[in-house]
Amino acid sequence: MNTRPPTLRATWWLSSLALTVAASGAPATTAQDWSQRVEADWLLAAKVAAQGGATEPVTTKNDAAGGCDGVKNGEWGFHTGDATDPWWQVDLGANHALGRVVVWNRMRAAARAARIQVQLSDDGQAFRTIYRHTGAAFGGVTDNKPLSIDLKGQAGRFVRLTVPGKNRMHLDEVEIF
């Protein structure tokens, strides 16, 4: 069994159809505001693509890839819309013994990830929860205090992060070692 997961061969998926690719400004305060913001972001992305500013279409896979693109800025690398038990996952291509997961939070709404869970799967179908966060908000870039979870060599091919309940999920960056 390999002890190091590949870093560039991963594929990403999200549990929500309503994703935002590029956004700025204050977070939306109502569901209607949020829906309008997501739609505006998708329309902007489509316009950029149509004008030749993007080389590939915006997809959930493209958006989810922002969760492990190496960019840490305290904003979101990916973002779901309102969903029940929203999640983000990575397929490592094969089972690997895993050392730790480091989660860099979106700083302007850090409390949303306070109940984050880490799950592993060998087949992408049956997931086992291996970590449940305490409910305390955690940080990232601005305070240099990301959540670091020791996996103690537990093996898995798929690593999923989820937030239980009705919520939006957005993280700055996820690192798997």
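Overview of the structure. (Residues numbered from 1 in each chain as written. Predicted model: local features only at pLDDT ≥ 70, side-chain atom pairs only at ≥ 80, totals over all residues. Heavy atoms only, no water.)

For the rest of this paragraph, the subject is the overall build of the protein. The helix and strand inventory of the protein stands at 2 helices and 11 strands. When the elements of the protein are put in sequence order from the N terminus, they spell out β-α-α-β-β-β-β-β-β-β-β-β-β. Counting across all 177 residues of the protein, residues that qualify as buried make up 44%. Long-range contacts, defined as pairs at least 24 residues apart, comprise 78% of the intrachain contacts of the protein with a sequence gap of at least 6. Per element, the accessible surface of the protein, about 9000 Å² overall, is 52% carbon and sulfur. (Helix = DSSP H or I, 4+ residues; strand = E, 2+ residues; numbered from the N terminus. Buried < 20%, exposed > 50% of the residue type's maximum accessible area, 1.4 Å probe, protein only. Contact = heavy atoms within 4.5 Å. Areas by Shrake-Rupley, 256 points an atom, 1.4 Å probe, with all protein chains shown as cover.)

Glancing now at the pairing of strand β6 (residues 117-121). With respect to burial, β6 is a largely interior element, 5 of its 5 residues being buried. By the alternation rule, side chains of β6 split into Gln117, Gln119 and Ser121 and Val118 and Leu120, which are all buried. Here β6 runs beside strand β7 (residues 128-132); their pairing, made up of 4 bridges, is antiparallel. Along β7, the bridge assignment pairs Gln117 with Arg132. (Pairing = 2+ DSSP bridges.)

Counting 23 residues, the largest nonpolar core has Trp88, Val103, Ile116, Val159, Leu161, Met169 and Leu171 as its most contacted members. If we skip the residues at most four places from it in the chain, Leu161 touches Pro86, Trp87, Trp88, Val103, Ile116, Gln117, Val118, Met169, Leu171 and Val174. (Core = buried A, V, L, I, M, F, W, Y, C linked by side-chain atoms within 4.5 Å.)

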